Each structure stands twice: as structure tokens, then as C-alpha cells.
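# Coordinate inspection notes
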Amino acid sequence: AALSTREHLEMILRPMTSGKEPLGSMGVDTPLAILSSCPRMPSHYFKQLFAQVTNPPIDPIREACVMSLQCPVGPEANVLSVSA
């Protein structure tokens, strides 16, 4: 907790201590360094953004025609054969 911000402690860590899901953001919400009246490090003028991909949960009941939860043990099964 030495490098944590107050927001990190209140929004991420505190809910986890009571068994709740934490709320967090993966975006950059800091003010632009160019607008600051204080001296800034050169690295503060650059921001790296990344994409977050969320996949829907797998639903084997509704998607039974295109997926299987079968897990063969031993010699590999023929994955190209049609089975129901």
C-alpha cells in the first residue's frame, strides 16, 4: 500500500476486504502535463493507451451445435468427425 493512491485504497482494496467486487478503471484520467504550472518529468508528457477486450461467457447449452465440453483423455480424438 506504499505506492497506492487514496482512490486505489477506497475503490479497489477496501471493497475486497469485505468480499465485494472492486471497481476500477483502465483508462487514463490524469490531467495533461502540459497544462500544469509545476515542473514535470518528460515521461509525464506521454501517455500509452491500450485496448481491453472482454469476451462474453461461454454458453454450452445455447451453443451446443458449435462447441463441446468433451475432453478426451489418451490418444487424440478425431476433431473433424461429426458427433452429436
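Because the structure is a prediction, the values reported are computed rather than measured.

As a further point, take the overall build of the chain. What the chain contains, in helices and strands, is 1 helix and 0 strands. Within the chain, the fraction of its 84 residues that count as buried is 4%. Carbon and sulfur atoms make up 61% of the accessible area of the chain, which amounts to about 8,600 Å² in all.

On to helix α1 (residues 6-17). Helical geometry: 3.6 residues make up each α-helical turn, so side chains three or four residues apart lie on a common side. The end-to-end C-alpha separation of α1 is 15 Å, in line with the 16 Å expected for 12 residues at 1.5 Å each. One or two steps after α1, the chain reaches G19, where phi turns positive at roughly 85°.

Thresholds applied
Residues numbered from 1 in each chain as written. Predicted model: local features only at pLDDT ≥ 70, side-chain atom pairs only at ≥ 80, totals over all residues. Heavy atoms only, no water. Helix = DSSP H or I, 4+ residues; strand = E, 2+ residues; numbered from the N terminus. Buried < 20%, exposed > 50% of the residue type's maximum accessible area, 1.4 Å probe, protein only. Areas by Shrake-Rupley, 256 points an atom, 1.4 Å probe, with all protein chains shown as cover. Expected span 1.5 Å × (residues − 1).

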